[in-house]
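So you can see what is in the structure, the chains are spelled out below.
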Amino acid sequence: MKHYARTSSPARRAHYEAATYRRWVARQIGPRRVGGLYRATRFDPVYEVLAVDPGPRTEWPIWQITVRTLGESRIRTHCAAWEGEVVAEPGEQALTAWADRTLAQPAADGALLEQRHVLDEAAHPD
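Residues numbered from 1 in each chain as written. Predicted model: local features only at pLDDT ≥ 70, side-chain atom pairs only at ≥ 80, totals over all residues. Heavy atoms only, no water.

A. Geometry of the overall build of the protein chain. When you go through the protein chain residue by residue, the secondary structure sums to three helices and five strands. Listed N to C, the secondary structure of the protein chain is α-β-β-β-β-β-α-α in terms of helices and strands. With 126 residues in all, the protein chain has 25% of them scored as buried. Across the protein chain, contacts joining residues at least 24 apart in sequence account for 45% of those joining residues at least 6 apart. For the protein chain, the computed accessible surface area is about 8600 Å², with 55% contributed by carbon and sulfur atoms. (Helix = DSSP H or I, 4+ residues; strand = E, 2+ residues; numbered from the N terminus. Buried < 20%, exposed > 50% of the residue type's maximum accessible area, 1.4 Å probe, protein only. Contact = heavy atoms within 4.5 Å. Areas by Shrake-Rupley, 256 points an atom, 1.4 Å probe, with all protein chains shown as cover.)

Written out as structure tokens, the structure reads:
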């Protein structure tokens, strides 16, 4: 008969609980990465991920993601699980997609006007 005392030590239990938490958060975040463009469904607006905080945090939410919808200056934080599609991975592809979409829309406030200026310079360096 085997002795399982070592597998149930408090340190080992804590290790497995932490690993379980990390896997759960990874499933919740999904493929979203900082700088990438995503949307929940084909008809939802495209949003850019600004920050990912996988936690654990002492208060609710225990993990969070910060996003900005393209064409808006409002930044919001939420902990909604991944469900959707990848529009553009972080990098040049995301910058091009973001610039094309933002430059095609009229700027309603100063923050969007500044975004348009920066994106126009990034998309057309000459």
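On we go from here.
B. Geometry of the pattern of salt bridges. This model, assessed by the stated rule, comprises three salt bridges. Across the pair Glu-85 and Arg-39 runs a salt bridge whose closest N-O atoms are separated by 3.3 Å. Of this pair, Glu-85 sits in strand β5 (residues 85-88) while Arg-39 sits in strand β1 (residues 37-39), placing them 46 residues apart in sequence. Given a relative accessible area of 29%, Glu-85 falls into the partly exposed group. You can call Arg-39 buried: its relative accessible area is 18%. Residues Glu-72 and Arg-74 are paired through a salt bridge, measuring 3.9 Å at the closest nitrogen-oxygen approach. (Salt bridge = Lys/Arg side-chain N within 4 Å of Asp/Glu carboxyl O.)

C. Layout of the sheet that holds strand β3 (residues 64-69). With respect to topology, five strands assemble into an open sheet ordered β4-β3-β2-β1-β5, the strand pairing being antiparallel. If you trace the sheet from one side to the other, it starts and ends with β4 (75-78) and β5, each paired once. Along the sheet, successive strands turn relative to each other by an average axial angle of 40°, direction set aside. (Pairing = 2+ DSSP bridges. Axes fitted to C-alpha atoms, helices over the stretch in contact; angles between N-to-C directions.)

D. Looking closely at the nonpolar core. Core analysis: the largest hydrophobic core is formed by nine residues, namely Tyr-21, Val-25, Ile-29, Tyr-38, Tyr-47, Val-49, Trp-63, Ile-65 and Val-67. Of all the secondary structure elements, the ones that give two or more residues to this core are α1 (10-29), β2 (47-53) and β3. If one sorts the elements of this core by residue count, α1 sits on top with three residues. (Core = buried A, V, L, I, M, F, W, Y, C linked by side-chain atoms within 4.5 Å.)

E. Spotlight on the environment of Arg-76. Position of Arg-76 among the secondary structure elements: in strand β4. It is 9.6 Å that separates the C-alpha atoms of Arg-76 and Leu-50, two residues lying 26 residues apart in sequence. Not counting the four nearest positions on each side in its chain, Arg-76 is found in contact with Ile-65, Thr-66, Val-67 and Thr-69. A distance of 2.9 Å separates a polar atom in the side chain of Arg-76 from a polar atom in the side chain of Thr-69. (Polar contact = N/O pair within 3.5 Å; in protein donor to acceptor, adjacent residues only side chain to side chain.)

F. Representation of the side chain of Arg-32 in the model. With respect to the element layout, Arg-32 can be found in the loop between α1 and β1. Of the side chains with opposite charge, Glu-83 comes closest to the buried, unpaired Arg-32, at an N-O distance of 9.3 Å. Polar side-chain contacts of Arg-32 include one of 3.0 Å to the backbone oxygen of Gln-28. A polar side-chain atom of Arg-32 sits 2.9 Å from the main-chain carbonyl oxygen of Ile-29. Filtering out sequence-adjacent residues up to four positions away, Arg-32 remains in contact with Tyr-38, Tyr-47, Val-49, Trp-63, Ile-65, His-78, Ala-80, Ala-81 and Trp-82. (Lys, Arg positive; Asp, Glu negative; His and termini not counted.)

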